[in-house]
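# Per-entry structural report
Residue strings, one per chain:
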Amino acid sequence: MILHDLMSYELLRVIWWLLLGILLIGFALTDGFDMGVGALLPFVAKSDVERRIAINTVGPVWEGNQVWFIVGGAAIFAAWPPLYAVSFSGFYLAMFVILAALIVRPVAFKYRSKRDDPRWRSTWDWALFASGALPALLFGVAVGNVIQGVPFRFTDDLHTIYEGVWYMKFIGLLDPFSVLAGVVSLSMLVMHGSAWLTLKAEGIVQTRARAIGSVAALIAVGAYMVAGVWLAVGIEGFRIVGEYVTDGPSNPLHFEVARTSSWLVAYAERPWIAIAPVMGVLGGLLTFLGLRAGRELSTLLVSKFAIFGVISSVGLTMFPFIMPSSSDPQSSLTVWNSSSSHLTLFIMLVSIAIFMPLVLMYTAWVYKVLWGKVTETDVSENSHSVY
Amino acid sequence: MEFGIVELSRLQFAVTAMYHFLFVPLTLGLSILVAIMETVYVMTNRPIWRQMTKFWGMLFGINFALGVATGITMEFQFGMNWSYYSHYVGDIFGAPLAMEGLMAFFLEATFVGLFFFGWDKLSKVAHLVVAWLVAIGSNFSALWILIANGWMQNPVGAEFNPMTMRMEMTDFFAVLFNEVAQAKFVHTVSAGYVTASVFVIGVSAWYLLRSRHVELARRSITVAAAFGLASAFSVVLLGDESGYSATHSQKMKLAAIEAMWETHDAPAPFNLIGFPDQETRETHYAIEIPWAMGLIGTRSLTTEIPGINDLVATAETRIRSGLIAYEALLDVRVHRDETDPAVMATFEEHSADLGFAFLLKKYVDNPLEATEAQIQAAANDTVPTVWPLFWAFRLMVGLGFGFIATMAYFFYRASFKGMNFPRPALHLAVWMIPAPWIAAELGWFVAEYGRQPWTVDGVLPTAMSVSALSMTEVALTLSGFVIFYTILFIVEMGLMLKYIRKGPYQDVTETEAWNKRHTDRLAGRDAFAAPGE
């Protein structure tokens, strides 16, 4: 096959770095509101009917939304195998917790309303709460760790070795900066969930969602700005030193990496990336205003805008680093040393170019069919077919 | 055998994979059966078919939730517990997984919500299309995962790159049209169809034994028996195709399943039963069917099938060749682009055997320092434990023929005896419900245990594939999975049984209105016509 030579290896790597971001953002924008609704469930909905309204706003769509995460994971496997290998095994127990949440959630949705027993239902409601809130928090914690660097190194055979005892690999994740990052992601997704409930629910559920959501929006913006200041003064960055090629074999050991005073030097080198954090802050504030004013569709849109800004700011600031190593900087994973082969990246690009537009088209169609508010009558009249 | 991190990780993978596969076959088959029932509903407009669609669709939904949930574990686990494997073959293995997500998961997951929530929001035809999209999505997912798995059994279209220390794809279409993958795909989905058919027939038989929902149960059996009969033939035929392709791609697995220690003059006999003895490398009390193995495995009377002892000798040769590749690899790694062309040529000549040198890593850190005894031991390691494979395979095949017989019988009664089923047959159908699950699990056991000691046949040993985790971490997650999965299993079975006992939700007004229309219409032409259901 010669077709793949049409695109340079370097270009394909940048495209796949962008696609990685798009898939993660796609996940946060869609499944993000499902997790937000889960985290909000005990607080916005008290009675069984209220709970069923809240659950059924995401009922028909959460399953498709979760696929963004699964495809994101598989795309990392296919396009960035070293990243997949290092991060999934390095964050082992944290991954297990996220996994447990993702296993409980589908089951909780499907099974919750299949028995009338209030204890049965309340158990699954708490499962929905935990399986929404925990991953929302842990994703942020993981990002916080990646920004600071993760303690791993490669052997000559490219086996990954993690430093430290096993429990520190889990508890050690919860350093203050990473917890702050967790607060950003949790409050951001709670904000997003509120925006969704504002659009899809009415009455008391909507009122409560708006009240909690506007507080969450302020926390998200505040915590995000504190994290920015912290990055400027308290956290070292990474950079590649010496001569290197951007289209060479994917082997981290072929690169030299050194620490820098701060990640934020990137903003001096490429000032245009400042647009991302501005989007994040501005979007968060607009969501706050939208929730207060009771705007529905436009609030959801600015909330998406905010999430897009926050997530892309992390990637743009760290570029070309994807997962730096704190204990052995030379092992750090970057866009230039941890991708799949030229051929695989090309084939995957062709398939994503064919299928992603199709996915977006039929997803849009499904949302259109399901357009409109979920009401008390919907839930009571279809009580044997809805969640 | 020493029980270390490799064994513990394998145990976890086996537990989670086999648990996942409790739900997959029913999803594969029931999605299609439900879509067929809905097709009949849309074509005939008879409410009973809508009831059937909704009832079996409900059971499909309960099962589907756990299939999805436990599937996520599988995708995560490669990176979590098998990180060196993920690094080493991700360039090839990751692609079909990503395509599975793009082509299949999005499709089934996006439309499954609409299937349950869209009855009042969609036209009949649109809802039918949704049902078929869910079925197609589920089955596509099986296609991609079996392309990935097929590559582990028969790693085509890839070669080792010394610069990146991993396998890289050289020919995508070779991976896609891997003969092992294609045969496995049809074999596996057919097994799913049989599972769903046995399930539908079993549950319906239970209703008939209690004279409940008789019309629904009879029609369900009729659909399922026809579908199941075709599928049961397909399972056995494609299983045979897998065996045929194994003759050239997975010789050791085939010889182990057969307990064929020595190479036999062609055509080799088939051991119907016997007692394989790993120590002495012979099979006691074997009952042989002459010629059968040669015919099945090679479809000729003259081609020989190599026995285990000869394959071990081949493995030893390949280990020695792999050691030459390994020595050259160390040189290439140091000098990179400035490697002596002669060394590079040596490496390329022997690189196909590199994986065999890695078998020595179990015994020594540096394979080049391996003793003769260690090389011999590594060659012997290429033989999987024979007796479990031998028996699992025979049990699976026996069940496979049993399904053909059962399906043929029910198909005959449904088609030619006016959907009249004798009570003993109904009892048998109920008791048969677990059988297809047993057969499916045995099938996976044969495929995966038979591949040992490799994760990727001839390329990467299992012992090398594992992540650098502590025993405590894996023990924690394994116990977590076991506890968690046990609770979910109890909850799932409880709900399944509850909804089966409760029976279909009958919309009485709708059914009566249809009956009246139907009677009125018939009355115009034939006053004695029986009303519909």
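Further up the page is the structure itself.
Structural notes, computed from the coordinates. Note that the structure is predicted; figures quoted are calculated from it, not measured. (Residues numbered from 1 in each chain as written. Chains lettered and ligands numbered in written order. Predicted model: local features only at pLDDT ≥ 70, side-chain atom pairs only at ≥ 80, totals over all residues.)

## Quick notes on the overall build of chain B
To keep things clear, this is the line we draw: Put simply, DSSP H or I for four residues or longer makes a helix, DSSP E for two residues or longer makes a strand, and each gets a number counted from the N terminus. Residue burial is a threshold on neighbouring C-beta atoms within 10 Å of the residue's own C-beta, all placed from the backbone, with 20 or more meaning buried, 12 or fewer meaning exposed, and counts in between meaning partly exposed.
When helices and strands are tallied, chain B shows 19 helices and six strands. For chain B, the spread of C-alpha atoms along the principal axes amounts to about 95 × 50 × 40 Å. For chain B, with 533 residues in total, the buried portion stands at 53%.

## Re unusual backbone geometry
Note: most residues except glycine have negative phi, and most peptide bonds are trans. In this model, F319 of chain A is joined to P320 of chain A through a cis peptide bond whose omega is 0°. Here the amide bond leading from Q452 of chain B into P453 of chain B is cis, since omega sits at 10°, within 30 degrees of zero. In this structure, P453 of chain B sits in the loop between α16 (435-449) and β5 (454-456). Positive phi, normally seen in glycine, also occurs at R281 of chain B, with a value near 55°. R281 of chain B gets classed as partly exposed once you count the C-beta atoms within 10 Å, which come to 16. Its identity as a non-glycine residue notwithstanding, R336 of chain B has a phi of 45°, on the positive side. Tracing the backbone through its elements, the reader meets R336 of chain B in the loop between α10 (308-335) and α11 (341-350). Assessed through the 13 C-beta atoms surrounding it within 10 Å, R336 of chain B is described here as partly exposed.

## Digging into the pairing of strand β4 (residues 282-289) of chain B
All names here are of chain B. Which entries qualify depends on this criterion: In this scheme, strands are said to pair when DSSP sees at least two bridges between them.
In the sheet, strand β3 (residues 270-277) pairs with β4 via six bridges, with the strands oriented antiparallel. Following the sheet pairing, P276 is matched in β4 by T283. What sits between β3 and β4 in their antiparallel hairpin is a turn of four residues, with R281 showing a positive phi close to 55°.

## A short note on the interface of chain B and chain A
Our working definition: A pair of residues counts as a contact when their C-beta atoms, built from backbone coordinates, are separated by no more than 7 Å. Residue polarity follows a fixed list, in which Ala, Val, Leu, Ile, Met, Phe, Trp, Tyr, Cys and Pro are nonpolar, Asp, Glu, Lys and Arg are charged, and the others, Gly among them, are polar.
Each partner contributes to the interface: chain B provides 63 residues, whereas chain A provides 63 residues. Counting only elements with at least two residues in the side of chain B that touches chain A, the list comes to α2 (47-81), α3 (83-117), β2 (166-169) and α18 (471-502) of chain B. Here the side of chain B that touches chain A is composed, by residue class, of 36 nonpolar, 20 polar and seven charged.

## Here's the deal with the packing of helix α11 (residues 275-293) of chain A against helix α12 (residues 297-318) of chain A
Residue and element names in this part refer to chain A. We apply this condition: Axis angles are defined between N-to-C directions and span 0 to 180 degrees, where every axis is a line fitted to C-alpha atoms and, for a helix, only to the segment in contact. Should an angle fall under 35 degrees it is called roughly parallel, over 145 degrees roughly antiparallel, and 65 to 115 degrees roughly perpendicular, with every other angle called oblique. By convention the crossing between two helices is left-handed if the near helix lies anticlockwise of the far one by an angle smaller than a right angle, and right-handed if it lies clockwise.
The interhelical angle for the contact between α11 and α12, taken along N-to-C directions, is 155°, at an axis separation of 7 Å. Relative to α12, the element α11 is oriented roughly antiparallel. For the pair α11 and α12, the crossing hand works out as left-handed. Here A276, P277, M279, G280, G283, G284, L286, T287, G290 and L291 of α11 lie close against α12, whose contacting residues are S298, T299, V302, S303, F305, A306, F308, G309, V310, S312, S313 and L316. The class makeup of the residues in the contact of α11 with α12 is 11 nonpolar, 11 polar and no charged.

## What to know about α3 of chain B
Residue and element names in this part refer to chain B. Convention followed: Take the residue count of a helix, subtract one, and multiply by 1.5 Å to get its expected span. Bend at a residue means the angle formed by two fitted axes: the first through the 7 residues ending at that position, the second through the 7 residues beginning there.
Between its first and last C-alpha atoms α3 spans 40 Å; for 35 residues at 1.5 Å apiece the expected length is 51 Å, and the helix comes up short by more than 12%. The sharpest bend along α3 measures roughly 90° and falls at G90. Most of α3 is tucked away, with 35 of its 35 residues classed as buried.

## Things to note about the environment of S178 of chain A
Residues and elements named next belong to chain A. In this structure, S178 sits in helix α8 (residues 176-200). Judged by the 21 C-beta atoms lying within 10 Å of it, S178 falls in the buried class. Along the sequence, S178 and R239 sit 61 residues apart, while their C-alpha atoms lie 21 Å from each other. Apart from the residues lying within four places of it in its own chain, the contact partners of S178 are V141, G144, N145 and L173.

## Things to note about the packing of helix α6 (residues 179-209) of chain B against α16 of chain B
Residue and element names in this part refer to chain B. Between α6 and α16, the least distance of the axes is 8 Å, while the angle of their chain directions is 160°. With respect to each other, α6 and α16 are oriented roughly antiparallel. Crossing handedness for the pair α6 and α16: left-handed. In this structure, α6 uses A191, V194, T195 and V198 to contact α16, whose residues at the interface are A435, P436, W437, A439, A440 and G443.

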